[in-house]
Amino acid sequence: MPFVNIKLTTGVSTEQKQKLIAGVTDLLVRVLNKNPASTHVVIEEIDPENWGISGESVARLRQRKEPGVSGS
């Protein structure tokens, strides 16, 4: 029973989440021959204030529009 936990900052649409769930499930089926009925995918959204990169929060980096930090 595979369990995959995806952590993202907020701003991801419901459609994008569904594509992630379907894509990760498909990958586990194709690569590891896992049963999709027992494959669990959990998406956790984390406030950008609570996620840091290079010593700064993602929220602050987005305000400055740092390269490599995607905004919502």
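Scroll up to find the structure this text is about.
This report concerns the structure included in the present document. Given the structure is predicted, the values throughout are model-derived calculations rather than measurements. (Residues numbered from 1 in each chain as written. Predicted model: local features only at pLDDT ≥ 70, side-chain atom pairs only at ≥ 80, totals over all residues. Heavy atoms only, no water.)

1. So, the pattern of salt bridges
Definition in use: One side-chain nitrogen of Lys or Arg within 4 Å of one carboxyl oxygen of Asp or Glu is enough to make a salt bridge. For the purposes of this entry, the term helix denotes a DSSP run of H or I that reaches at least four residues, the term strand denotes a run of E that reaches at least two, and both are numbered from the N terminus. Only protein chains enter the accessibility calculation, which uses a 1.4 Å probe; a residue whose area is less than 20% of its type maximum is buried, one above 50% is exposed, and one in between is partly exposed.
One pass over the full model with this rule turns up four salt bridges. Here R30 ties to D26 by a salt bridge, and the two come within 2.8 Å at their closest N and O atoms. Residue R30 and its partner D26 are both found in helix α1 (residues 14–32); the two are separated by four residues, about one turn of the helix. Exposure remark for D26: the relative accessible area of 38% places this residue in the partly exposed category. With its nearest N and O atoms 2.8 Å apart, the salt bridge here joins R64 to E56. On the accessibility criterion, E56 (23% relative accessible area) is partly exposed.

2. Describing α1
In an α-helix there are 3.6 residues to a turn, and that puts residues three or four apart on one side. So the rule is basically this: Expected helix span is taken as 1.5 Å per residue step, with the number of steps being one fewer than the number of residues. Here, the arc refers to the directions that run from the helix axis to the C-beta atoms. Contact criterion: two residues are considered in contact whenever any of their non-hydrogen atoms come within 4.5 Å of each other.
The terminal C-alpha atoms of α1, which comprises 19 residues, lie 27 Å apart, in line with the 27 Å expected from a rise of 1.5 Å per residue. Buried within α1 are the following residues: K17, V24, T25 and L28. The buried side chains of α1 occupy one side of the element, clustering within an arc of 95° when seen end-on. Away from its buried face by more than 90 degrees, α1 exposes E15, K19, R30 and V31. Looking at the packing, one finds that the buried side of α1 touches β1 (3–9) and β2 (40–46). N33 lies just past α1 and shows a positive phi near 60°.

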